[in-house]
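What the coordinates show
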Protein chains: 2
Amino acid sequence: MSESSNHPSARPIPVLEVFGPTIQGEGMAIGRKTMFVRTAGCDYRCSWCDSKFTWDGSAKDEIRMLSADEIVTELFSIGGDTFDHVTISGGNPLLLPQIALLTQRLHEKNIRIAVETQGSRWQDWLVRIDEVTLSPKPPSSGMETDFEALDDIVSRLREASGRRDLCIKIVIFDEDDLTYARGVHKRYPDIPFILQTGNPQVSHESDDHVASLLNRYEWLIGRLSEFADLKDARALPQLHTLVWGNKRGV
Amino acid sequence: MSESSNHPSARPIPVLEVFGPTIQGEGMAIGRKTMFVRTAGCDYRCSWCDSKFTWDGSAKDEIRMLSADEIVTELFSIGGDTFDHVTISGGNPLLLPQIALLTQRLHEKNIRIAVETQGSRWQDWLVRIDEVTLSPKPPSSGMETDFEALDDIVSRLREASGRRDLCIKIVIFDEDDLTYARGVHKRYPDIPFILQTGNPQVSHESDDHVASLLNRYEWLIGRLSEFADLKDARALPQLHTLVWGNKRGV
């Protein structure tokens, strides 16, 4: 490594989970074989967050400070030669400038990289990510979208050279969320757009969890069908939640 | 219409279903809002076909012979201005040269078109389809793949000008199907590749149909995870079957 150890890009990365191979259960790469790296820390506190342990302190003893090389070693130790795709999730990975070095190390191994973020913060390494999902949070989250920050991120990604997939994904619990989502799609009409079924049972699970999620998904499909301003959108459930509920590490 | 009525492209199209808008429940456009046109007739007789009524004679009284213009009129009558995507499914639409005119009429309306076929037959109009899914059938279907025909279709699509999305999707019921699928992926390594959970209950449905399909999907994810020669594949269920079972017209 040419970087000195106190250079931001050489700082260790706070990691809560490294797992896979499994499938990406949601969004534009739904079903795609991938490994996951979940970072700790978030600038948001969504009411229905399905990974609250990344920011509520409940898993703070599980956080490991790992170098980019240590993460790469762990990924290959777990996944062997069965994968070529890594999803960096959080929390909000965009809080961490030091992910730059991880992206570089993964690309050196010909690994494709996906990142999901709410679109509240920028890091220069985002332009090197192969699949960027911007997931601004609707009213039901309790968060407020900083559209200036989101505009800025979209502009920077558009201006950056290199080929990448970009999509916007919005979790939908209710009509207010739908109204919000339609506004976001109108703001960025050329970015592939996904509506995702909300999961209200993130801390407990009833016996009818799957049926309840499929009912919500059916409702979402019905609403999507009706809107002329959502012609080219997709509605998707979270497949991992249908298969595994809220279990971690799958 | 400049075509004379006995020109092949002006022949009426045997149609069994026109419905939507709903979502595409499977494959590369999974979740995408679309309308469906289902044509009658197939050169295959898959043991687990979920649309046997398109070829087994059970729905022969429902077949309507419609012109391209009549189909377009019906699509807009049902879907209004809420859609910009039409999926032509079957049966095997590639038995029908006269779909050429339908594709032309839909493109005149700025409608994006998806077609799914097993890849046993060619029609020149296939190069004008925006999203082509080739779905060769694995051993569990009881059919045998004509790889010369499939090679020919893939070559013609590769040589054709214009931008289109192309994928291969294979239904997986068992280990033999997986072995077959890996061979197909090896044969066409650069074509996006999807493994799809098989649905064994196409004529009846047990109470635990969803649970059983999710178990099959979990098994498929597990198998996908293990193979180094399936690094870049996707495993997907049929979302419409999870939501609606075998109900038609959704």
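What you see is a predicted model; the values in this text were computed from it and never measured. (Residues numbered from 1 in each chain as written. Chains lettered and ligands numbered in written order. Predicted model: local features only at pLDDT ≥ 70, side-chain atom pairs only at ≥ 80, totals over all residues. Heavy atoms only, no water.)

1. Remarks on the UniProt feature "binding site: substrate" (unreviewed entry) in chain A
Residue and element names in this part refer to chain A. Threshold: UniProt positions are given in the numbering used here, feature names are shortened, and annotations may be inferred rather than shown by experiment. Runs of E in the DSSP output that reach at least two residues are strands. Runs of H or I that reach at least four are helices, and both are numbered from the N terminus. Exposure is judged per residue with a 1.4 Å probe applied to protein chains only, and the accessible area is read against the type maximum: over 50% gives exposed, under 20% gives buried, and values in between give partly exposed. Contacts between residues were defined by any pair of non-hydrogen atoms, one from each residue, lying within 4.5 Å.
Per the UniProt entry, the sites bearing "binding site: substrate" (unreviewed entry) are I23, Q24, G25, R38 and S89 in this numbering. Within the element layout of this structure, R38 appears in strand β2 (residues 33-39). Take R38: its relative accessible area is 14%, and that puts it in the buried class. Among residues more than four places away in sequence, those in contact with R38 are P14, V15, L16, E17, S51, F53, T54, S89 and G90. You can call S89 buried: its relative accessible area is 16%. Setting aside its immediate chain neighbours within four residues, S89 contacts V37, R38 and T39.

2. Focus: the pattern of salt bridges
All names here are of chain A. Here is the rule we go by: When a carboxyl oxygen of Asp or Glu is within 4 Å of a side-chain nitrogen of Lys or Arg, the pair counts as a salt bridge.
Enumeration over the complete set of coordinates arrives at 38 salt bridges over all chains. Between R112 and D165 there is a salt bridge, with the nearest N and O atoms lying 2.9 Å from each other. Of this pair, R112 sits in strand β5 (residues 112-117) while D165 is found in strand β7 (residues 165-172), placing the two residues 53 residues apart along the sequence. Looking at D165, the relative accessible area reads 26%, which means it is partly exposed.

3. Things to note about the side chain of T87(B)
All names here are of chain B. Selection rule: For this analysis, a polar contact is any N or O atom pair within 3.5 Å, provided that within protein one partner can donate a hydrogen and the other can accept it, and provided that sequence-adjacent residues contribute only side-chain to side-chain pairs.
Along the chain, T87 falls in strand β4 (residues 85-89). A polar contact of 2.9 Å, which involves the side chain of T87, links it to the side chain of T34. Not counting chain neighbours up to four residues away, the residues in contact with T87 comprise Q24, T34, M35, F36, V37 and A114.

4. Regarding the interface of chain B and chain A
What counts here: Ten residues, namely Ala, Val, Leu, Ile, Met, Phe, Trp, Tyr, Cys and Pro, are considered nonpolar, four, namely Asp, Glu, Lys and Arg, are considered charged, and the remaining ones, Gly among them, are considered polar.
Taken together, the contact between chain B and chain A spans 35 residues of the former and 35 residues of the latter. Linking chain B with chain A are 0 salt bridges, by the criterion used here. Counting residues per element, the side of chain B that touches chain A draws most heavily on helix α5 (residues 209-226) of chain B, at 8 residues. For the side of chain B that touches chain A, the per-class residue count stands at 22 nonpolar, 4 polar and 9 charged.

5. Section: the relation of the copies chain B and chain A
To keep things clear, this is the line we draw: A residue counts toward the fit only if its pLDDT is at least 70 in both copies, and the copies are then superposed by least squares on the C-alpha atoms of those residues.
Mapping chain B onto chain A calls for a rotation angle of 180° and an axial translation of 0.0 Å; the resulting RMSD is 0.0 Å. Considering both components of the superposition, the chain copies are consistent with a two-fold axis. A shared interface surface links the copies, since 100% of the contact residues of chain B are contact residues in chain A too.

6. Overview of the environment of L95(B)
Inspection of the secondary structure puts L95(B) in the loop between β4 and α2 (99-108). L95(B) gets classed as partly exposed once you look at its relative accessible area, which sits at 27%.

7. Quick word on the UniProt feature "domain: Radical SAM core" (unreviewed entry) in chain A
Per the UniProt record, "domain: Radical SAM core" (unreviewed entry) is annotated on residues 29-246 of chain A. Secondary structure content for residues 29-246 of chain A is 33% helix and 19% strand, while the C-alpha to C-alpha distance between its ends is 20 Å.

8. Overview of the packing of aromatic side chains
Inclusion rule: Between the rings of Phe, Tyr and Trp (Trp by its six-membered ring), a pair exists once the centres lie within 6.5 Å; its type follows the angle of the planes, with under 30 degrees stacked, over 60 edge-to-face, and the other angles tilted. Placement of a positive charge over a ring is assigned whenever Lys NZ or Arg CZ falls within 6 Å of the ring centre and within 35 degrees of the normal to the ring plane.
The full count for this structure, using the stated rule, is 8 aromatic pairs over all chains. When the ring of F76(B) is compared with that of F83(B), the centres are 4.9 Å apart and the planes differ by 40°; the resulting orientation is tilted. We classify F76(B) as partly exposed; its relative accessible area is 29%. The exposure class of F83(B) is buried, given its relative accessible area of 2%. Sitting over the ring of F53(A), R248(A) keeps its end group 3.7 Å from the ring centre.

9. Notes on the sheet that holds β4(B)
All names here are of chain B. Quick reminder of the rule: When DSSP locates at least two bridges between a pair of strands, those strands are taken to pair. For helices, the axis comes from a line fit to the C-alpha atoms of the stretch in contact; other axes are also lines fit to C-alpha atoms, and the angle between any two N-to-C directions lies between 0 and 180 degrees.
Pairing in this open sheet of 9 strands is mixed, and the strands run β3-β1-β2-β4-β5-β6-β7-β8-β9 from one edge to the other. A single partner strand is all that each edge strand has here, and the edge strands are β3 (64-66) and β9 (234-236). In this sheet, adjacent strand axes meet at a mean angle of 30° when their direction is disregarded. With 5 bridges joining them, strand β7 (residues 165-172) and strand β8 (residues 193-197) adopt parallel strand pairing. Each residue of the ladder has a partner; that of V171, found in β8, is Q196.

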